[in-house]
Amino acid sequence: MIKAKQFHSINFILWLNFLIFAAFILLLTWVFQVTLLRVFFSQQAERDLDAVGEQTYNLLIKKVPIKDHEEEIDFYVDRMQSENPAATVFLVTPQCEVLFPSGSLSDAGYEERSDLPEQEDFDKVCKYLEKAQADNSEIKKVIVRLDNQNYVYLAKISNEPQSNEDLYLYINYSTELTEMAFGSMRLQLILISIVVIFLALVISALLSMKLTKPIVRITKAAKRMATGDFSVNFKGEYSYAEMDALAETLDYVKEEIGKSDELQKEVLANVTHDLKTPLTMIKAYASMIQEISGDNPEKRAKHTQVIIDESDRLTALVNDILNLSKIRSGMDTLKIVNFNLSEFVHTVLERFDYLTETKGYTIERDIEDDLYTEADMEKIEQVVYNLVGNAVNYTGDDKKIVVGLKRVEGGMLRFTVTDTGKGIPPEEIKTIWDRYYRSAETHKRPIKGTGLGLSIVKTILLKHSFDFGVESEVGKGSTFYVIFPEK
């Protein structure tokens, strides 16, 4: 079972992609704030705490023993805390008794002090010290992370060399202000996300409508053209170059399809007429033989000859139509060979000798010897025959035709067929290869053309990618030419 394809409008696709892009940018912003920025601030907080701790430690280590420097220690502790508002500095015993800052070594209890550590954080550090003492682990310098907002710097300070009663430098570092800033940023980011999503919806909708408006216009025009209305105009004021280029291309296609449509109608009308004429003649003369001349040998022969001639004309017309269709459809592939084009042209011209012998035609040959090319011989025979036959039909009263084959610059060969007829008006030069071109001449000629000869020539030469054309002047005749590659 073949699954049906699902198509979405460009409006929807642009809107969806714009929305996804906006969501992706917001997601990156959230990830940066919640993860990367928090990691950065955490690392920075630890570095700041470590710097404060090292500075305080280096000051206090010089004031041992403690008893002799109580006032100086209080002074240093107060100074370090005032210089670092986020840090609170204390000196504690292993039993978690706070000694500094105190102003003096009083025996007041923990609850009576106003400048003591946060109880919850202090309890966590005390448990940390108790565990270290139970495990006989020595604490020199360490940073303990209590939670996302609080860090503690611990460093052991020996009191007296002969005493086992050491002290610990306790510095609590709070990032509460940073967390408040993070909270504010999150709230702002939520508001920004809502605004960005809304703007993305609106802008993507407006942008997609603007981008697709010319496409819709061109689509409507193309549908009109598909119904046979070739008066449509694809050009307009577009805001981007691609649409302007597409409009120009479609206008060119429209003109070419219009020409093809006109050609098709003209060919159909003319072919229908030419098919009808011989069929009418064949039927009429067959009836005459049956009713009138059946017993008269002379009349019967004359009437049957007309039937034979009209049958030949009908056969030629059908063959030309079939050949043209086969070549254009690609069914008739080219068989490229290397051959002597000079001898080949002479051979084709021999088929017209009866005209010079019986009809008074003159076919002059200006052909250089031993000129070789590569092409499909059978197709090129049709080209040469049709061009010479066309010249025979349309040459002047002097019945003169000149066939030439010369080597030209660039390693090319120029084949020409020149007649002395009435010539082709300039406005028809570009269209004679595409039209059913036969009615302009009223002279009766021995080569009865079907009007498709030049179309066949054009199709064959385009298949070979050979240059060709016609040079003509009204009243002085025409020269058809083909450029062959020399091999």
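Refer to the preceding data block for the structure.
Throughout what follows, the structure given in this document is the object of discussion. This structure is a prediction, so every number in the text was calculated from the model and none was measured.

We now examine the layout of surface pockets. In this structure, the second largest pocket encloses a volume near 500 Å³. Along the wall of the second largest pocket there are 28 residues; nearest its centre are Ala-86, Tyr-173, Ser-174, Thr-175 and Glu-176. Those elements that provide at least two residues to the lining of the second largest pocket are α1 (10-60), β1 (87-92), β4 (150-157), β5 (167-174) and α4 (176-226). With six residues, α1 is the largest single contributor of residues to the lining of the second largest pocket. Each residue belonging to the lining of the second largest pocket can be placed in one class, and the counts come to 12 nonpolar, 10 polar and six charged.

The next thing to look at is a negative patch on the surface. Taken together, the side chains of Glu-118, Glu-120, Asp-123 and Glu-176 present a region of like negative charge at the surface. Structurally, Glu-176 is set in helix α4.

Okay, the sheet that holds strand β10 (residues 412-419) next. Reading across the sheet, the five strands line up as β7-β9-β10-β12-β11 and stay open at both edges, with mixed pairing between neighbours. Edge positions in the sheet fall to β7 (362-367) and β11 (467-473), since each has one partner strand and no second. Averaged over neighbouring strand pairs, the angle between their axes works out to 15° when direction is ignored. Taken strand by strand, helix α9 (residues 377-394) contacts β9 (400-408), β10 and β12 (477-485), and its axis lies near 25° from that of β10.

This next bit is on the packing of α9 against helix α10 (residues 453-464). The N-to-C vectors of α9 and α10 enclose an angle of 145°; their axes lie 9 Å apart at closest approach. Read as a crossing pair, α9 and α10 show a hand that is left-handed. Touching Lys-379, Ile-380, Gln-382, Val-383, Asn-386, Leu-387 and Asn-390 of α9 are Gly-453, Leu-454, Ile-456, Val-457, Ile-460, Leu-461 and His-464, all from α10. Here the residues of the contact of α9 with α10 sort into eight nonpolar, five polar and one charged.

Here we take up the sheet that holds β5. The sheet built from five strands is open, its strands ordered β2-β1-β5-β4-β3 with antiparallel pairing. The two strands at the open ends of the sheet, each matched to only one other strand, are β2 (98-100) and β3 (141-145). Shown here is a sheet whose adjacent strand axes are inclined to one another by a mean of 30°, direction ignored. As paired elements, β4 and β5 share eight bridges and run antiparallel to each other. Across the sheet, Asn-150 pairs through a bridge with Ser-174, a residue of β5. Here α1 sits on the sheet in contact with β1, β3, β4 and β5, set at roughly 25° to β4.

The subject of this paragraph is the pattern of salt bridges. Scanning all chains against the criterion turns up 11 salt bridges. Here Glu-83 ties to Arg-79 by a salt bridge, and the two come within 3.9 Å at their closest N and O atoms. Here Glu-83 pairs with Arg-79, and both are found in helix α2 (residues 70-83), just four residues apart, close to one helical turn. Given a relative accessible area of 45%, Glu-83 falls into the partly exposed group. Classification of Arg-79 by relative accessible area gives partly exposed; the value is 29%. For Glu-381, the salt bridge is made with Arg-351, and the minimal N-O distance between the two is 2.9 Å. Here Glu-381 is found in helix α9, whereas its partner Arg-351 is found in the loop between α7 (341-349) and α8 (353-358), with 30 residues between them in sequence. With relative accessibility at 30%, the residue Glu-381 sits in the partly exposed group. Assessed through its relative accessible area of 41%, Arg-351 is described here as partly exposed. Connected through salt bridges with shared partners, the residues Glu-368, Arg-407 and Glu-486 form a single ionic network.

Here we take up the packing of aromatic side chains. Each aromatic ring pair is summarised here by two numbers: the centre-to-centre distance and the angle between the ring planes. Inspection of the entire model under this criterion finds six aromatic pairs. Ring plane angle 65° and centroid distance 5.4 Å describe the contact between Phe-466 and Phe-484, whose orientation is recorded as edge-to-face. Of this pair, Phe-466 sits in the loop between α10 and β11 while Phe-484 sits in strand β12; the two residues are 18 residues apart in sequence, bridging distant segments of the chain. This pair shows no difference in class: Phe-466 is buried, exactly as Phe-484 is. By the ring-pair criterion, three or more aromatic residues cluster together here, those being Trp-433, Phe-468 and Phe-480. Sitting over the face of the ring of Tyr-481, Arg-414 holds its NZ or CZ atom 4.5 Å from the ring centroid.

Topologically, Lys-487 is positioned in the segment after β12. For the pair Lys-487 and Thr-373, spaced 114 residues apart in sequence, the C-alpha to C-alpha distance is 4.7 Å. When sequence neighbours within four positions are dropped, the list of residues in contact with Lys-487 reads Asn-338, Tyr-372, Thr-373 and Glu-374.

Assessed through its relative accessible area of 9%, Phe-466 is described here as buried. The sequence separation of Phe-466 and Ala-375 amounts to 91 residues, and the corresponding C-alpha distance is 9.8 Å. Aside from chain neighbours lying at most four places away, what touches Phe-466 is Glu-374, Ala-375, Ile-380, Leu-461, Val-482, Ile-483, Phe-484 and Pro-485.

Conventions and cut-offs
Residues numbered from 1 in each chain as written. Predicted model: local features only at pLDDT ≥ 70, side-chain atom pairs only at ≥ 80, totals over all residues. Heavy atoms only, no water. 1 Å grid on protein atoms, 1.4 Å probe; cavity = no way out; pocket = protein on both sides within 12 Å on 5 of 7 lines; lining within 4 Å. Points joined across faces, edges and corners; volume = space filled by probe spheres on them. Helix = DSSP H or I, 4+ residues; strand = E, 2+ residues; numbered from the N terminus. Nonpolar A, V, L, I, M, F, W, Y, C, P; charged D, E, K, R; others polar. Patch = residues over 30% accessible without salt bridge, like charges linked within 9 Å, V, L, I, M, F, W, Y side chains within 5 Å. Areas by Shrake-Rupley, 256 points an atom, 1.4 Å probe, with all protein chains shown as cover. Salt bridge = Lys/Arg side-chain N within 4 Å of Asp/Glu carboxyl O. Lys, Arg positive; Asp, Glu negative; His and termini not counted. Charge placed at Lys NZ, Arg CZ, Asp CG, Glu CD. Pairing = 2+ DSSP bridges. Axes fitted to C-alpha atoms, helices over the stretch in contact; angles between N-to-C directions. Contact = heavy atoms within 4.5 Å. Left-handed = near helix turned anticlockwise from the far one by under 90°. Buried < 20%, exposed > 50% of the residue type's maximum accessible area, 1.4 Å probe, protein only. Phe/Tyr/Trp six-rings, centres within 6.5 Å; stacked < 30°, edge-to-face > 60°. Lys NZ or Arg CZ within 6 Å of the ring centre and 35° of its normal.

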